Amino acid sequence: MNETGAGSGAWAIEVEGLGKSFGSHRALTGICLKVGRGEHVTVFGPNGAGKTSLIKILSTLMKPSAGTVCLDGSDISKVPSEVRRKIGLVAHQTFLYDDLTVYENLKFYGKMYDVPNLEEQIHNVVRWVRLEARLHDRVGTLSRGMQQRISIARAVIHNPSIVLLDEPEVGLDPHAIVMVREVLDSLSAGERTVVMTTHNLEQGIEMSDRVVILYKGRIVYQEHKDRIDIATFRETYDRYTESAK
Amino acid sequence: MKNGRGKLRDDLLVGLGFALMLAALYMALIYAPTEKYAGAVQRIFYFHVPLAWVGFLAFLVVFVGSILYLWKRSVIWDAIAWASAEVGVVFTSLVLITGSIWAKAAWGIWWTWDARLTATLVLWFVYVAYLMVRGYAREESQGARFSAVLGIAGFINVPIVALAINLWRTQHPTALIFEGGLAPTMLVALLVCVAAFTVLYILLVRHATSLKILESDIENIKNLRLE
Amino acid sequence: MSRMYARVFAIFWKDVLSEIRTKEIVTAVLVFALLVLVIFNFAFDPASGTTARIAPGILWVAFTFAGILGLNRVFAIEKENSSLAGLRLCPVDRMVIFWGKLAGSFTFMLVIAAVITPIFLVLFNLPLFLPRLALIIVLATLGFTSVGTLFSALAMNIRARDIMLPILFLPLVVPVIIGAVETTACVLAGGPWSDMLTWLEIMIAFDIIYLVVATLMFEFVIEE
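Keep in mind it's a predicted model, so treat the numbers as computed, not measured.

### Thoughts on the overall build of chain C
- Summing up its helical and strand segments, chain C has ten helices and zero strands in all.
- Traced from its N-terminal end to its C-terminal end, chain C shows the element sequence α-α-α-α-α-α-α-α-α-α.
- In terms of overall dimensions, chain C is globule-like: its C-alpha atoms have a radius of gyration of 18 Å, near the 17 Å expected for 224 residues.
- C-alpha extents for chain C along the principal axes are approximately 55 × 35 × 30 Å.
- Residue pairs in contact within chain C that sit at least 24 positions apart in sequence constitute 83% of those at least 6 positions apart.

Set out below in structure tokens:
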């Protein structure tokens, strides 16, 4: 921390003493998390652990009640516009307009982000999520899984350095999950920084460099992927979140 | 929350309010002369006018509190604005009721679409909506933010509504009060009443504000224990 | 600066595109407005002689209620897949979002007015060519939509939103309604410009004040 209170800039994401309360309910308490550039961190936790609140704060959608968040060294409460350019967000909701075509949706968001060579970029991302054939179909006519892939394409249309994923597989059928996972795999293969929340243990671990367990609004456990295997992690996860039952 | 000095100030205020209210009653009902034409019912004027003044003051406080809340995001400003809106709505309701009684006696009708009556009614609706927004908000800070927006947008509306409705029609006894038509003793009585109701307003808002702050403190403490 | 306009236009255009596809707002609101005109016809039997006195009121009540219905829909489209969150993620000033949405609802309302006003004039046997009425409609619609867009965004996030929008919206637009009714009456009676000047000034002042206030307040109603 330097004297201005902004992050050092050495980390892609730097969270200090983050807290969020809704009236009297505390969704997050004393969260500290540092994510390196290109790192893929997966946040696990049961429902109501505060995963969505954390993602919403990191993506500037929600203001924290306490603490600071710096992305690439800039405080999100001070320069949101600049910060917003660096973030791509995929949530359970697609943020797409059902009555517009895939192309129109991507073109709209591309314009909002001032994407250079927009036409080319639209074709790139659509090819990447393998939906070129549906480019001129209305989003409302696509299956839920396809919509989620378009949503991922929307999230990276402006080539963000940080991608936040909030349970990207919720509500998808098994086939759609396979397709979405393929896209997510190639997403984290690049040099993007990725923070993902999920309660799917296998997949979450496989894709990540580091795992975090969030429980009742606090980080109760974090470890590098190399030092855990799925069996012991499942045990750990159950131990930390058992008291919920 | 409340230190010794605050308590003392409160006691002084209660005492002052009580004394002023007694004086106001005496002035309005006994000291002031009976109006020649309107008769005894004109005495409702000593309550009607101060209530209207305090109602307006209350909404001004809501306006200022709302701006400060959106700027500083401090719960105290929100509590003051909210408390003031509650008191303001009650006082404005009383203005409409006393006005109706007076209208019945003076003009023989309970209600007339006269400029100031109508403007007051519109104002009353704005602040009822303010309180409703709080009730329908999904969480406290959202209710505070949304009602602050209305507290600002609604108050800015006051002069425009007043101007528009005035142009539209007017039959209020304005001249009677402001163009020296009022006997000096009546004016003294009115001023005492205004002072009494202003102190009452300050007392009510102080108490309602500290009540709201205590409520939110209790919620926070409850929550700490649950963790 | 021109980038800002381009983004305002992008928001406006995607709303127009959606509307062209679904015709949800304009059709529904139009039918509703016409129904109100017809119902008023029964309620107030505009026999000869009284028409000029009550017609302006009927037009503006129909238009106001229709406006509320339309404004309720303006943010519904942003609620469907939480796309308002998508908009809030964009690196644009919050007022860009407001102006984009405002441009959309302003246009939809004008389209509705452009259809129902001639029908209204025909139904009540009034002269059809009234350029001054067009000016009144533009001024009133601007006032309606700047207040309405702000409160539509606000009401969208609270419970009982369908009923809360009119409760929030109507008291605030009272000056516009009075101004619109008075000036329309003047136009229908063939009165001179000078008779409606003060009212036009009030409406212009209202429009400017609420454009500024709503632009400034908008970020507070969409934040979370």
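### Digging into the overall build of chain B
- For chain B, the helix and strand inventory stands at seven helices and zero strands.
- In chain B, the order of α-helices and β-strands from amino to carboxyl end is α-α-α-α-α-α-α.
- Buried positions account for 37% of the 227 residues belonging to chain B.
- For chain B, the share of sequence-separated contacts (at least 6 apart) that also reach a separation of at least 24 residues comes to 78%.

### Quick word on the interface of chain C and chain B
- If you look at the interface, chain C gives 23 residues, while chain B gives 27 residues.
- At the level of elements, helix 8 (161–172), helix 9 (174–188) and helix 10 (193–222) of chain C are the ones that each hand at least two residues to the side of chain C that touches chain B.
- The greatest single-element share of the side of chain C that touches chain B, amounting to nine residues, is contributed by helix 10 of chain C.
- Class assignment of the residues belonging to the side of chain C that touches chain B gives a composition of 19 nonpolar, three polar and one charged.

### Observations concerning the sheet that holds strand 5 (residues 74–75) of chain A
All names here are of chain A.
- Taking strand neighbours across the sheet as the criterion, the four strands line up as 2-1-4-5 in an open arrangement whose pairing is antiparallel. The sheet terminates laterally at strand 2 (25–35) and strand 5, the two strands that pair on one side only.
- Of the strand pairs in this sheet, strand 1 (residues 13–22) and strand 4 (residues 66–71) are connected by five bridges, and their pairing is antiparallel. Looking at the pairing, glutamate 16 lines up with threonine 68 of strand 4.

### Looking at the interface of chain A and chain C
- Counting from both sides, the interface comprises 25 residues of chain A and, opposite them, 23 residues of chain C.
- Contributions of two or more residues to the side of chain A that touches chain C are made by helix 2 (80–84), strand 6 (87–90) and helix 3 (102–112) of chain A.
- In terms of residues, the side of chain A that touches chain C owes the most to one element, helix 3 of chain A, which gives five residues.
- Classifying every residue of the side of chain A that touches chain C gives twelve nonpolar, four polar and nine charged.

### Observations concerning the sheet that holds strand 3 (residues 40–44) of chain A
All names here are of chain A.
- Within the open sheet, the six strands sit side by side as 6-7-8-3-9-10. Their pairing is mixed. Where the open sheet ends on each side, the last strands, each with one partner, are strand 6 and strand 10 (218–224). For this sheet, the mean angle separating the axes of adjacent strands, direction not counted, is 15 degrees.
- Relative to strand 9 (residues 210–215), strand 3 runs parallel, the two being bridged by four bridges. The residue bridging phenylalanine 44 from the neighbouring strand is isoleucine 213, located in strand 9.
- Taken strand by strand, helix 1 (residues 51–58) contacts strand 3, strand 7 (162–166), strand 8 (193–198) and strand 9, and its axis lies near 155 degrees from that of strand 7.
- Those strands touched by helix 8 (residues 230–241) are strand 3, strand 9 and strand 10, and its axis lies near 20 degrees from that of strand 9.

### Here's the deal with unusual backbone geometry
- Residues other than glycine seldom take positive phi values, yet asparagine 117 of chain A does so here, at roughly 50 degrees.
- Its place among the elements puts asparagine 117 of chain A in the loop between helix 3 and helix 4 (118–128).
- Exposure remark for asparagine 117 of chain A: the 10 C-beta atoms within 10 Å place this residue in the exposed category.
- In this structure, alanine 160 of chain C is a non-glycine residue whose phi angle is positive, near 55 degrees.
- As for its position among the elements, alanine 160 of chain C is in the loop between helix 7 (131–156) and helix 8.
- Judged by the 12 C-beta atoms lying within 10 Å of it, alanine 160 of chain C is exposed.

### Re the packing of helix 7 of chain C against helix 10 of chain C
All names here are of chain C.
- In the contact formed by helix 7 and helix 10, the axes pass within 8 Å of each other and the chain directions differ by 20 degrees. Our classification of the angle between helix 7 and helix 10 gives roughly parallel. Between helix 7 and helix 10 lies a crossing whose hand is left-handed. Only Leu200, Met203, Ile204, Phe206, Asp207, Tyr210, Leu211, Ala214, Met217, Phe218, Val221 and Ile222 of helix 10 make contact with helix 7, whose side of the interface consists of Leu139, Ala140, Leu142, Gly143, Ser146, Val147, Thr149, Leu150, Ala153 and Leu154.
- Partitioned by chemical class, the residues of the contact of helix 7 with helix 10 number 18 nonpolar, three polar and one charged.

### A short note on the pairing of strand 7 of chain A
Residues and elements named next belong to chain A.
- Among the five residues that make up strand 7, five are buried, leaving the element largely enclosed by the rest of the structure.
- Of the two faces of strand 7, the one holding Ile162, Leu164 and Asp166 and the one holding Val163 and Leu165 are both buried throughout.
- Alignment of strand 6 against strand 7, held across four bridges, turns out to be parallel. Its bridge partner lying in strand 7, leucine 89 is registered against leucine 164.
- Judged from the five bridges that link them, strand 7 and strand 8 form a sheet pairing that is parallel. Residue pairing across strands places leucine 164 opposite valine 195, the latter belonging to strand 8.
- Between strand 7 and its parallel partner strand 8, the chain crosses via helix 6 (residues 174–189), and the hand of that crossover is right-handed.

### A word on the confidence of the model for chain C
Residue and element names in this part refer to chain C.
- Taken residue by residue, chain C gives an average pLDDT of 91. The fraction at 70 or more is 98%.
- Element-level mean pLDDT values for chain C span from 88 in helix 2 (residues 24–44) up to 95 in helix 7.
- Confidence estimates for the predicted assembly give a pTM of 0.90 and an ipTM of 0.91.

### Considerations on the confidence of the model for chain B
All names here are of chain B.
- When pLDDT is averaged across chain B, the result is 86; 89% of the residues are at 70 or more.
- Considering each helix and strand of chain B separately, the mean pLDDT is smallest for helix 6 (residues 174–178), with a value of 47, and largest for helix 2 (residues 45–72), with 94.
- Predicted confidence is poor over residues 175–180, with pLDDT under 50, and the contacts of this stretch with residues over four places away or in other chains come to four contacts.

### A word on the environment of leucine 84 of chain C
- Topologically, leucine 84 of chain C is positioned in helix 5 (residues 83–89).
- Excluding residues that lie within four positions of it along the chain, leucine 84 of chain C makes contacts with Glu78, Lys79 and Ile222 of chain C.

### A word on the environment of proline 159 of chain B
- Among the secondary structure elements, proline 159 of chain B is positioned in helix 5 (residues 140–168).
- When the C-alpha positions of proline 159 of chain B and alanine 119 of chain B are compared, they lie 9.6 Å apart, and in sequence the two are 40 residues distant.

### Regarding the pairing of strand 10 of chain A
All names here are of chain A.
- Sheet topology places strand 9 next to strand 10; six bridges connect them, and they run antiparallel. Bridge pairing in strand 10 places arginine 210 opposite histidine 224.
- Between the antiparallel neighbours strand 9 and strand 10 lie two residues, among them lysine 216 with a positive phi of about 50 degrees.

### Some points on the packing of helix 3 (residues 75–107) of chain B against helix 4 (residues 115–136) of chain B
All names here are of chain B.
- Packing of helix 3 against helix 4 brings their axes to within 9 Å, and their N-to-C directions diverge by 145 degrees. The crossing of helix 3 and helix 4 is left-handed. Taken together, the residues of helix 4 that come into contact with helix 3 (itself represented by Trp82, Ala85, Glu86, Gly88, Val89, Thr92, Ser93, Val95, Leu96 and Gly99) are Leu117, Thr120, Leu121, Leu123, Trp124, Tyr127, Val128, Tyr130, Leu131 and Arg134.
- Class assignment for the residues of the contact of helix 3 with helix 4 results in 13 nonpolar, five polar and two charged.

Cut-off values and rules
- Residue numbers run consecutively from 1 along every chain, following the written order of its sequence.
- All chains are assigned letters beginning at A, and all ligands numbers beginning at 1, according to the order in which they are written.
- Confidence filtering applies because this is a predicted model: local features only for residues at pLDDT of at least 70, side-chain atom pairs given and counted only at 80 or more, and all residues used for totals across whole chains, interfaces and linings.
- Helix and strand definitions here come from DSSP, where helices need a minimum of 4 consecutive H or I residues and strands a minimum of 2 consecutive E residues; each element is numbered from the N-terminal end.
- The atom set for the radius of gyration is the C-alpha atoms, and the globule formula is 2.2 Å times the number of residues raised to the power 0.38.
- Contact criterion: two residues are in contact if their C-beta atoms, reconstructed from the backbone, are within 7 Å.
- Exposure is read from a count of other C-beta atoms within 10 Å of each residue's own; the residue is exposed at 12 or fewer, buried at 20 or more and partly exposed in between. C-beta atoms are placed from the backbone.
- Three classes are used, and their members are as follows: Ala, Val, Leu, Ile, Met, Phe, Trp, Tyr, Cys and Pro are nonpolar, Asp, Glu, Lys and Arg are charged, and the others, Gly among them, are polar.
- Two strands qualify as a pair provided that DSSP identifies no fewer than 2 bridges between them.
- Axes here refer to lines fitted to C-alpha atoms; in helices the fit is confined to the stretch in contact. Angles between the N-to-C directions go from 0 to 180 degrees.
- An angle below 35 degrees is treated as roughly parallel, one above 145 as roughly antiparallel, one from 65 to 115 as roughly perpendicular, and anything else as oblique.
- With the far helix as reference, a near helix turned anticlockwise by less than a right angle produces a left-handed crossing, and one turned clockwise produces a right-handed crossing.
- For the handedness criterion, the strands are oriented away from the viewer, and a crossover whose path from the first strand over the helix to the second runs clockwise is classed as right-handed.
- pLDDT is a residue-level measure of predictor confidence that goes from 0 to 100.

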